[in-house]
Each structure stands twice: as structure tokens, then as C-alpha cells.
Amino acid sequence: MSGPDAMSGPDATRAPLIVLIGPMGVGKSTVGELLAERLGTGFRDSDADIVSAQAMSVSDIFVNEGEPRFRELEREAVRLAVAEHPGVLSLGGGAILDADTRELLTGLPVVYLSMEVGEAIKRVGLNTARPLLAVNPRQQWKLLMEARRHHYTDVARVVVATDDRTPEEVAEAVLDALELKHLPDEDPGNPGKENLV
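The structure presented is a predicted model; accordingly, all values stated were derived computationally and were not measured. (Residues numbered from 1 in each chain as written. Predicted model: local features only at pLDDT ≥ 70, side-chain atom pairs only at ≥ 80, totals over all residues. Heavy atoms only, no water.)

S.K.: Hey, could you go over the overall build of the chain for me, with residue numbers and the actual values?
M.R.: Secondary structure summary: the chain contains nine helices and five strands in total. Listed N to C, the secondary structure of the chain is β-α-β-α-α-α-β-α-β-α-α-β-α-α in terms of helices and strands. Residue burial in the chain is summarised as follows: out of 197 residues, 42% are buried. Residue pairs in contact within the chain that sit at least 24 positions apart in sequence constitute 72% of those at least 6 positions apart. Element-wise, carbon and sulfur atoms account for 52% of the exposed surface of the chain, whose accessible area totals about 10200 Å². (Helix = DSSP H or I, 4+ residues; strand = E, 2+ residues; numbered from the N terminus. Buried < 20%, exposed > 50% of the residue type's maximum accessible area, 1.4 Å probe, protein only. Contact = heavy atoms within 4.5 Å. Areas by Shrake-Rupley, 256 points an atom, 1.4 Å probe, with all protein chains shown as cover.)

Okay, structure coming up:
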């Protein structure tokens, strides 16, 4: 599998330069904005697209219309973003649960931003006292990741750990992993697609 034949789905000339996946709180939006700025391109977030189109928050969609409806909206939002956005794209944490979405991501420069449970506790606040929770939030997070981690790793070209790193350090690691580090400064005539194997 090589060249254009390796790309399934989107047109390689319009496909995102980078697609970020990973769990809630890992920093996909923050890192994505930094990457877009460094690469002189646009940033798009599939969850923000859904919120804009539905005029309600993700949590309200879950409550009012249910998770299956949200997943339908998410599948379509990701499909449109992949087809339309040539910059940096961030996907919601559960987007990779959909088999069609995973297929759509085949051949794209997908980066899985990972974090361990200790980092999730710091970022998402799982250590906050929640007396109404009957189960351990830390255990819930671990179970969620056990169910999703293989999907993240299956579709990702590279995995970048975010634990104990600043967003700037994570962005640098992503650029290094995809060999895009010096694209804007040292080779402005190269649109970057040649660097992505």
C-alpha cells in the first residue's frame, strides 16, 4: 500500500494536515490551536461543530436527545470536517467508537494524545469530592479507557503522551512525530503533504 492508494476516503488534497484524538481533558483543543498557529493553518473541533449546528451543548444533547442521537450527529460532523478541513482537526473523545469514523481516518495523519489516570485526575478533576457518586470516578475513567484505548491506537499513526507536559511541549512532540517541525520556517513552499507518508 503506497502513494494515493494508501488514502481511503477523503481527497488527499483536502484532507486534514493533523487529526487529534484522545480522551476528554487530554488537551486536544488547546494543542490543536497551537499546532494550527505553528503551521499557519486553520483549527477545527468536531464537538464545536455539533454545538454550533444544534445550538445546544454536548451535555444538553446527551440529556435531551440521548447518546445514540449524539453519536449520529458526531459521525456526520466528523465526516464533513474530514472532507472540508485541510488544517488541524480535533475529534471528540468518543468519536472513534464509530466503525465508519475509524474507517474514514484510515491513512490520515492521526495523532493519539494519551494520558494516564493520574494526569486525568489532575486535569478533569476526578479527585473532586462527589458524594452522590456511588462508584469510584477513577475506576470509571479506567474502564472507559480500557474500552477505547485499542480504538485510539488502531487508528493513530503516532501516539504522543501528554503526562507532565505543557501544551507547548505536546505540540512540539506532535510536530516532531509527524516530521512537520520546521515546515513553516524552513520550507514555506512545501504544503506539507509530502512529509506525511
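S.K.: Which residues make up the nonpolar core, and what values do they have?
M.R.: Ile18, Ile21, Leu35, Leu105, Val111, Leu113 and Val174 are the most contacted members of the largest nonpolar core, which has 43 residues in total. At five residues, the largest contribution of residues to this core is made by helix 8 (residues 167–177). If near-sequence neighbours (up to four positions away) are discounted, Val111 is found in contact with Ile18, Val19, Leu20, Ile21, Val158, Val160, Val174 and Leu178. Within the second largest apolar cluster, five residues are counted, among which are Ile50, Ile61, Leu73 and Ala77. (Core = buried A, V, L, I, M, F, W, Y, C linked by side-chain atoms within 4.5 Å.)

S.K.: Can you tell me about the environment of Arg44, naming the residues and giving the values?
M.R.: Tracing the chain through its elements places Arg44 in strand 2 (residues 43–45). Distance from Arg44 to Ser29, taken between C-alpha atoms, is 8.5 Å for residues 15 residues apart in sequence. Those residues in contact with Arg44, other than ones at most four positions away along the chain, are Asp49, Leu80, Ala81, Glu84, His85, Val88, Leu89 and Ser90. A polar contact of 3.2 Å, which involves the side chain of Arg44, links it to the side chain of Glu84. (Polar contact = N/O pair within 3.5 Å; in protein donor to acceptor, adjacent residues only side chain to side chain.)

S.K.: Describe in detail unusual backbone geometry, supporting the description with residues and values.
M.R.: Even without being a glycine, Asp164 presents a positive backbone phi close to 55 degrees. You can see Asp164 is positioned in the loop between strand 5 (158–161) and helix 8. Here the phi dihedral of Glu179 falls at roughly 55 degrees; this positive angle occurs in a residue that is not glycine. Accessibility expressed as a relative area gives 57% for Glu179, which makes it exposed.

S.K.: Now, about the packing of aromatic side chains: what can you tell me, with residues and values included?
M.R.: Under the criterion given, the structure shown has two aromatic pairs. Seen from their ring centres, Phe62 and Phe70 are 4.9 Å apart, and the 35 degrees between their planes marks the pair as tilted. Its relative accessible area of 30% is what places Phe62 among the partly exposed residues. With 4.9 Å between their ring centres and 25 degrees between their planes, Tyr112 and Tyr152 make a pair best called stacked. A residue pair is termed long-range when its members are at least 10 positions apart, and Tyr112 in strand 4 (residues 110–114) and Tyr152 in helix 7 (residues 137–155) qualify at 40 residues. (Phe/Tyr/Trp six-rings, centres within 6.5 Å; stacked < 30°, edge-to-face > 60°.)

S.K.: Describe the packing of helix 3 (residues 58–65) against helix 4 (residues 67–84), listing the residues and the values that go with them.
M.R.: Between helix 3 and helix 4, the shortest axis-to-axis distance is 7 Å and the interhelical angle comes to 130 degrees. One finds that helix 3 runs oblique with respect to helix 4. Contacts between helix 3 and helix 4 involve Val58, Ile61, Phe62 and Glu65 from the first element and Glu67, Arg69, Phe70, Arg71 and Leu73 from the second. (Axes fitted to C-alpha atoms, helices over the stretch in contact; angles between N-to-C directions. Parallel < 35°, antiparallel > 145°, perpendicular 65-115°, else oblique.)

S.K.: Residue-level account of the pairing of strand 4, with values.
M.R.: Among the five residues of strand 4, five are classified as buried, and the element is accordingly described as predominantly covered. Of the two faces of strand 4, both are covered, the one formed by Val110, Tyr112 and Ser114 as well as the one formed by Val111 and Leu113. In terms of strand pairing, strand 1 (residues 18–21) meets strand 4 through three bridges, oriented parallel. Of the residues in strand 4, the one forming a bridge with Leu20 is Val111. (Pairing = 2+ DSSP bridges.)

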